[in-house]
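Architecture at a glance
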Amino acid sequence: MMMKHAAAFAVAMGLAGPALAVEWNMPTPYGDKTFHTVNIREFAKDVKAATGGALNITVHSAGSLFPHAQIKNAVRSGQVQIGEFFLSRLSNEDAAFGIDSQPFVATSYDDAARLWAAQKPVITRLLAKQGLMPLFSVPWPAQGLYTKNEVKTVADLAGLRFRAYNAALEEFATLAKASPVQVEAPDIPQAFATGQVQAMITSPSTGANSKAWDFVNYYTPINAWVPKNIVVVNKAAFDALPADAQKAVLDAAAKAEKRGWDMSKAEAAAKTKIMADNGMKIVQPSPELMKGLREIGAKMLENWKAKASPEALEILKTYQGG
Ligand code: PCA
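Residues numbered from 1 in each chain as written. Predicted model: local features only at pLDDT ≥ 70, side-chain atom pairs only at ≥ 80, totals over all residues. Heavy atoms only, no water.

1. Description of the packing of helix H10 (residues 287–307) against helix H11 (residues 310–321)
Note the cut-off: Orientation is described by lines fitted to C-alpha atoms, with helices fitted over the stretch in contact, and by angles between N-to-C directions that extend from 0 to 180 degrees. The helix count covers DSSP runs of H or I at least four residues long, the strand count covers runs of E at least two residues long, and both are numbered beginning at the N terminus. Angle categories are assigned with fixed cut-offs, so that under 35 degrees is roughly parallel, over 145 is roughly antiparallel, 65 to 115 is roughly perpendicular, and the rest are oblique. The contact criterion used is simple: two residues touch if any of their non-hydrogen atoms lie within 4.5 Å. Gly falls in the polar group here, along with every residue not listed as nonpolar (Ala, Val, Leu, Ile, Met, Phe, Trp, Tyr, Cys, Pro) or charged (Asp, Glu, Lys, Arg).
Put simply, H10 and H11 touch, their axes get as near as 8 Å, and they point 135 degrees apart. One finds that H10 runs oblique with respect to H11. On H11, the residues that touch Leu301, Trp304 and Lys305 of H10 are Ala312, Leu313 and Leu316. A class-by-class count of the residues in the contact of H10 with H11 yields five nonpolar, no polar and one charged.

2. Some words on the confidence of the model for the chain
To be explicit about the condition: You can read pLDDT as the predictor saying how much it trusts each residue, on a scale of 0 to 100.
Taken over all residues, the pLDDT of the chain has a mean of 95, while the share at 70 or more is 94%. For residues 1–15, every residue scores under 50 in pLDDT, and the model assigns this stretch five contacts once sequence neighbours within four places are set aside.

3. Comments concerning the site of the ligand
Definition in use: Near is defined per residue: the residue qualifies when any heavy atom it owns lies within 4 Å of the molecule or strand. We define a polar contact as two N or O atoms separated by no more than 3.5 Å, with the added condition that, inside protein, one atom must be a possible hydrogen donor and the other a possible acceptor, whereas residues neighbouring each other in sequence contribute only through side-chain atom pairs. Method for areas: the Shrake-Rupley scheme with a 1.4 Å probe, in which residue coverage is limited to the protein chains shown. Here a cavity denotes grid points, spaced 1 Å and computed from the protein atoms alone, that fit a 1.4 Å probe unable to get out, and a pocket denotes an open set having protein on both sides within 12 Å along at least 5 of 7 lines; residues with an atom within 4 Å of a point are the lining. More than half of a molecule's atoms lying within 2 Å of a cavity's or pocket's grid points is what places that molecule inside it.
Every residue near the ligand is listed here: Tyr30, Phe86, Trp140, Gln143, Arg163, Tyr165, Ala185, Thr202, Ser203 and Thr206. In this structure, an oxygen atom belonging to the ligand sits 2.7 Å away from a side-chain N or O atom of Arg163. At 2.6 Å, a side-chain N or O of Ser203 approaches an oxygen atom of the ligand. Out of a free accessible area of 260 Å², the ligand has 99% covered by protein chains. Comparing atom positions with the cavity grids shows the ligand to sit within the largest cavity. Tallied by class, residues from the shell around the ligand come to five nonpolar, four polar and one charged.

4. Describing helix H9 (residues 243–277)
Operational definition: Here the expected span of a helix is defined as 1.5 Å times the quantity of residues minus one.
The end-to-end C-alpha distance of H9 is 49 Å, a good match for the 51 Å that 35 residues give at a rise of 1.5 Å each. Immediately beyond the C-terminal end of H9, within one or two residues, lies Gly279, with a positive phi of roughly 100 degrees.

5. Structural notes on the sheet that holds strand S3 (residues 82–86)
The criterion, for reference: In this scheme, strands are said to pair when DSSP sees at least two bridges between them.
The strand order across the open sheet formed by three strands is S3-S10-S4, and the pairing between neighbours is antiparallel. Each having just a single partner strand, S3 and strand S4 (132–139) make up the two edges of the open sheet. Each strand axis lies, on average, 25 degrees off the axis of its neighbour in the sheet, ignoring direction. Two elements, S4 and strand S10 (residues 228–234), share seven bridges in a ladder whose sense is antiparallel. Within S10, the position partnered with Ser137 by the bridge is Ile230. In this fold helix H2 (residues 35–50) packs onto S3, S4 and S10, with an angle of close to 130 degrees to the strand it touches most, S4. Packed onto the sheet, H9 meets S4 and S10 and runs at close to 25 degrees relative to S4.

6. With respect to the packing of helix H4 (residues 109–128) against H9
For any two helices packed against each other, the geometry comes down to the angle between their axes and how far apart the axes lie. Let me state the cut-off plainly: By definition, any crossing whose near helix is turned counterclockwise from its far helix by less than a right angle is left-handed, and any crossing with a clockwise turn is right-handed.
For the pair H4 and H9, interaxial distance at closest approach is 12 Å and the crossing angle is 150 degrees. Here H4 lies roughly antiparallel to H9, going by the angle between them. Remark: the crossing between H4 and H9 carries right-handed chirality. On H9, the residues touching Tyr109, Ala112, Ala113 and Trp116 of H4 are Glu257, Trp261, Ser264 and Lys265. Broken down by class, the residue content of the contact of H4 with H9 amounts to five nonpolar, one polar and two charged.

7. Looking at the pattern of salt bridges
For side chains of opposite charge, pairing can occur when their charged atoms come near one another. The line we're drawing: Salt bridges are counted wherever a side-chain nitrogen of Lys or Arg sits within 4 Å of a carboxyl oxygen of Asp or Glu. Burial classes: relative accessible area under 20% of the type maximum marks a residue as buried, over 50% as exposed, and values in between as partly exposed (1.4 Å probe, protein chains only).
Taken as a whole and assessed by the stated rule, the structure comprises 16 salt bridges. A salt bridge links Asp32 to Arg41; its shortest N-O distance comes to 2.8 Å. Given a relative accessible area of 36%, Arg41 falls into the partly exposed group.

8. Some remarks on the nonpolar core
This is how it is decided: The nonpolar core is taken to be a set of buried Ala, Val, Leu, Ile, Met, Phe, Trp, Tyr and Cys residues, with the residues joined through side-chain atoms within 4.5 Å.
Residues Phe43, Ile57, Ile82, Leu135, Phe136, Phe162 and Phe172 are the most contacted members of the largest nonpolar core, which totals 104 residues. For this core, the element with the most residues is H4, which contributes nine residues.

9. Focus: the layout of surface pockets
Where we set the bar: Grid points are joined across faces, edges and corners, and a volume is the space filled by probe spheres set on the points.
Space inside the largest pocket adds up to approximately 230 Å³. Lining the largest pocket are 16 residues, with His68, Ala69, Arg89, Leu90 and Asn92 positioned closest to its centre. Going through the elements one at a time, helix H3 (68–76) and helix H5 (167–175) are the ones with two or more residues in the lining of the largest pocket. The dominant element in the lining of the largest pocket, judged by the number of residues it contributes, is H3, at four residues. Partitioning the lining of the largest pocket into residue classes produces five nonpolar, seven polar and four charged.

10. Regarding the packing of aromatic side chains
A ring pair, where both rings are aromatic, is described by two values, the distance of the centres and the angle of the planes. Heads up, the condition is: Note on aromatic pairs: the rings of Phe, Tyr and Trp (six-membered ring only in Trp) are paired at centre separations within 6.5 Å, and the planes decide the class, stacked below 30 degrees, edge-to-face beyond 60, tilted for the rest. The rule for a charge over a ring is simple: NZ of Lys or CZ of Arg within 6 Å of the ring centre, and within 35 degrees of the ring normal.
In this structure the tally under the stated criterion is nine aromatic pairs. Plain terms: the ring middles of Phe35 and Trp140 are 5.8 Å apart, the flat faces sit at 80 degrees to each other, and that makes the pair edge-to-face. Separated by 105 residues along the polypeptide, Phe35 in helix H2 and Trp140 in the loop between S4 and strand S5 (144–147) bring together distant segments of the chain. Residue Trp140 is classed as buried on the basis of its relative accessible area, which comes to 4%. Taken together through their ring pairs, the aromatic side chains of Tyr30, Phe35 and Trp140 make up a single cluster. Cation over ring: Arg294 sits above Phe104, and NZ or CZ is 4.5 Å from the ring centre.

This is how it looks when you write it as structure tokens:
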């Protein structure tokens, strides 16, 4: 092969970088327009540049290599070296993973940052038991409500087929007397088009990227929680890297975390405007609606506490004490 010969020649002449680049595959659940994916592609580029091409991370977005539900175990088993997923999807393993998806615990970026600071050491220990190491975590904008009709009270949600993305949203929908249906983000337009779901809670990012105006009329920014994605690496794969490549990965990860939080902060207003520009009505929640939602949140937090380990409870204590 021409290319191979050229590369071998370049190496022999001392012209090229390392002869054998390390290749990592990185599955992610969300589409290419999603800011998380944009951020991760930047991260991969930074790693490649900082290692002079010695570590090459290929991003497989939108669940194309592994479906969302399998990404964590694919990294754990070493089928891939690194991956991204929605952190609270692991709440069935330990409640510590799910605290950022509990309604009205942390609803601003400042609160989300403090919650992450309290959560990070605990989930780092939990993931280490599976041979996984967190690299960075980035929040979605606060989660709002998408409906065909205006929602004045929680009672207006009763009976709706409600799209869910994790166990907490399933619980939320059930407590609102709606019917939860699990749908991955890339499948949202199809799920609404076929009538599988009629309403959802998600960020303005996912709302705008799904062209929510094609299937709902109202966006109500209840800003109920600020959930996060996390990028984890297989610890053995990381440890196998030369020290300078390890440093390049950690540096790029720190940069990606900062960049991702900044991107997220810019998204909420920008994507809400896109929805308004496309004809959606942006309606501030009524006090009655917020009261009903807070009641559901209180019930959910009670249930969360009942399932939480002492370590998970400690996250909440640290966060609320801080
Ligand atoms: N978008 C993702 C997770 C949270 C969000 O804002 C989704 O809807 O699946």
